Amino acid sequence: MKNKIKRSGPVLFSGYNRGEAIRKVITMSREDILFNIKESRLKGRGGAGFPTSTKWMLVAAASSEEKYVICNADEGEPGTFKDRVLLVEYPEMVLDGMVVGGYTMGAKKGIIYLRGEYEYILKSLQDYIVQMRKDNLLGKNILGNEGFDFDIEIFLGSGAYVCGEETALIESLEGNRGEARNRPPFPVSTGYLGNPTSVNNVETFAAVSHIVIKGGEWYRKMGTDKSSGSKLFSISGDCERPGVYELPWGITINDVLIMVGAKNTKAVQVGGASGVCLSKDHFNRSLAYEDVSTGGSIIIFNESRNMLSVLKNFMEFFVEESCGQCTPCRIGNVKLLEGVEMLEKGEFTFSYINRLKDLGRTMQLASKCGLGQSSPNSFISILDNFKGEILNRTGGKNGN
Amino acid sequence: MLLMEKNNLTEEIEALVKFYGSNRSALLTILHEVQKKYRYVPDFAQQEIARLLDIHPVEVYSVISFYAFLNSTPKGKNIVRLCQTITCEMHGKKEIATAVERELGIKIGETTKDNKFTVEYANCLGMCDEGPAMAINDRVFTHLTPEKAINILNEIR
Ligand SMILES: Cc1cc2nc3c(=O)[nH]c(=O)nc-3n(C[C@H](O)[C@H](O)[C@H](O)COP(=O)(O)O)c2cc1C
Ligand code: SF4
């Protein structure tokens, strides 16, 4: 798992000196920091794309004594691994971003929710935290600033994808089953132990570290009007050079395919199992919030792949990972999987498949959290975009 | 469970509660610690944790049953988790699984008679660019071939 390639990119992979962002923000007012983040138009990198400045302003404005900054390192979306790369290779960027969050929002405690699958990173992160305390980048009166106290602890998850959803994550931290909460109230007012809490993705914190140093306006110059800055993409599947890439928003899927050496590409799954599956006629579209939006997972399928078995793999994932709390998701995903199995055997009617697509649309509306709201995306997009192959059963093999 | 073992377990859990606190939010961390040592959370431990955190034992069981990585039944000394998600599937998960099943003489989901290995499927391990991947306890192995996977198991055995 050693770093094989020298990473380069416009922001996150451009180089960063540990502690730099913290040294910078202690010379700034909270308003100034928030203004810069607002200027940058940074949106959350965990997938939902909520403006970071809005979230931070709400927590900063809350009058509670106790507030929390939580780093969501539950990275469970199939095809996503960029947060792992950040935590292994660039912990300073992420943890400094959390300290900046603590300073800006007036929180004294930070928690990293690290997925159980990444337990092997725990030790190096803990060692790094100890080092930060020694260097007074964490702890009391950080860098000699009277009253600027902030510390970070790590909480290990236990193998549940839904715990990446921020309210399920908070439930899990509180010692409960990771079942999503009703929203509102939102974590910004009623989060961990009932206190104002900002939950942000690993990459969001890393981006903040750069934004406070170089300014919001600088960041906004990259990317597109509605999707500012750069994004980490986790690219896997049928290509010569899979891995994590930092790219400006707005790049087309075609350009990505060329860059990673993908040949004879039939389909690209953008956004992981909960994202959408695109066929060739969509490859000229761009990766951006306003076009094809994503938390960064890109999975490439070449002509030899059977899209129905791809879909089956996704639906099995959701059946296993649904927390079972609400009916549309608990039952709906099972029904969609059964539909895939009918298609596999060739025992289906077109009207039933259409009804399943309607069921999918109902799930998108009626499920309680993002898991059930997005799990039908693959079902619907694969059946729409690969109709010929699936309904006429002319597909390829999936390596098994 | 023998009385002495029970006493030991009680003492260990008391120490954990003392260290991590008796708040409900300490529950998962305490469960992790118990499991790290025993590889599952025995019934008696569940009851003791419930008593010391002042919650109902069913609450403890309910939490254990929710999380894939927490067990209420004994597991092998080494827990092998094969990634079953899409890119690992595309790159040969099935061949790895078959080789492991044959070599250990068990099916996925089972534990070997000598209690050395439990083999399970896991969802995305986040190693999609280096698949097929598997985790053994808290170590991760990537770019597997059936042969490489078996060699790794034999080294650990
Ligand atoms: C099922 C599900 C899983 C999620 N998993 C993650 C995750 O692993 N990491 C993450 O940062 N956000 C995840 N999210 C999104 C979070 O709920 C939340 O929006 C995010 O952590 C906010 O951080 P951001 O604003 O920096 O993106 C998930 C959402 C859902 C519905
Ligand atoms: S949508 Fe699914 S995961 Fe979310 S609360 Fe409902 S059952 Fe649970």
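Rules used in this analysis
- Residues numbered from 1 in each chain as written.
- Chains lettered and ligands numbered in written order.
- Predicted model: local features only at pLDDT ≥ 70, side-chain atom pairs only at ≥ 80, totals over all residues.
- Heavy atoms only, no water.
- Helix = DSSP H or I, 4+ residues; strand = E, 2+ residues; numbered from the N terminus.
- Buried < 20%, exposed > 50% of the residue type's maximum accessible area, 1.4 Å probe, protein only.
- Pairing = 2+ DSSP bridges.
- Phe/Tyr/Trp six-rings, centres within 6.5 Å; stacked < 30°, edge-to-face > 60°.
- Lys NZ or Arg CZ within 6 Å of the ring centre and 35° of its normal.
- Domains from an automatic or database assignment.
- Contact = heavy atoms within 4.5 Å.
- Buried area = accessible area lost by both parts, 1.4 Å probe.
- Salt bridge = Lys/Arg side-chain N within 4 Å of Asp/Glu carboxyl O.
- Polar contact = N/O pair within 3.5 Å; in protein donor to acceptor, adjacent residues only side chain to side chain.
- Nonpolar A, V, L, I, M, F, W, Y, C, P; charged D, E, K, R; others polar.

This paragraph deals with unusual backbone geometry. Residues Arg183(A) and Pro184(A) are joined by a peptide bond in cis, for which omega reads -5 degrees. Within the element layout of this structure, Pro184(A) appears in the loop between α7 (166–173) and β4 (197–201). Cis geometry marks the peptide bond from Gly131(B) to Pro132(B); its omega dihedral reads -5 degrees. With respect to the element layout, Pro132(B) can be found in the loop between β2 (117–122) and β3 (134–136). Despite not being glycine, Leu193(A) shows a phi value in the positive range, around 55 degrees. Among the structural elements, Leu193(A) can be located in the loop between α7 and β4. Since its relative accessible area comes to 46%, Leu193(A) is described here as partly exposed. Although it is not a glycine, Asn137(B) adopts a positive phi angle of roughly 50 degrees. Relative to the elements of secondary structure, Asn137(B) occurs in the loop between β3 and β4 (139–141). The class for Asn137(B) is partly exposed, based on a relative accessible area of 35%.

Residue and element names in this part refer to chain B. Of all the 6 residues making up β2, 5 are buried; the element is thus mostly covered by neighbouring parts of the structure. Looking at chain direction, strand β1 (residues 78–83) and β2 are connected through 6 bridges and run parallel. Following the sheet pairing, Ile79 is matched in β2 by Thr118.

As a further point, take the packing of aromatic side chains. Counted under the stated rule, the structure contains 14 aromatic pairs over all chains. Members of the aromatic cluster, connected to one another through ring pairs, are Tyr161(A), Phe317(A) and Phe318(A). A cation sits over an aromatic face here: Arg115(A) above Tyr118(A), 5.0 Å from the ring centre. The ring centre of Tyr121(B) lies 5.4 Å from the NZ or CZ of Lys93(B), which sits over that ring.

Turning next to the domain arrangement of chain A. Residue and element names in this part refer to chain A. Under the domain assignment, chain A is made up of domain 1 (20–220), domain 2 (230–302) and domain 3 (307–394). Centre-to-centre, using C-alpha coordinates, domain 1 lies 34 Å away from domain 3. Listed per partner, the contact involves 11 residues of domain 1 and 8 residues of domain 3. Summing both sides of the interface, domain 1 and domain 3 together bury roughly 840 Å²; the carbon and sulfur share of this comes to 68%. Counting across the domain 1 and domain 3 interface gives 0 salt bridges. At the surface where domain 1 touches domain 3, the tally comes to 3 residue pairs in polar contact (both at pLDDT 80 or more). When the residues that make up the side of domain 1 that touches domain 3 are grouped by side-chain class, the tally is 5 nonpolar, 3 polar and 3 charged.

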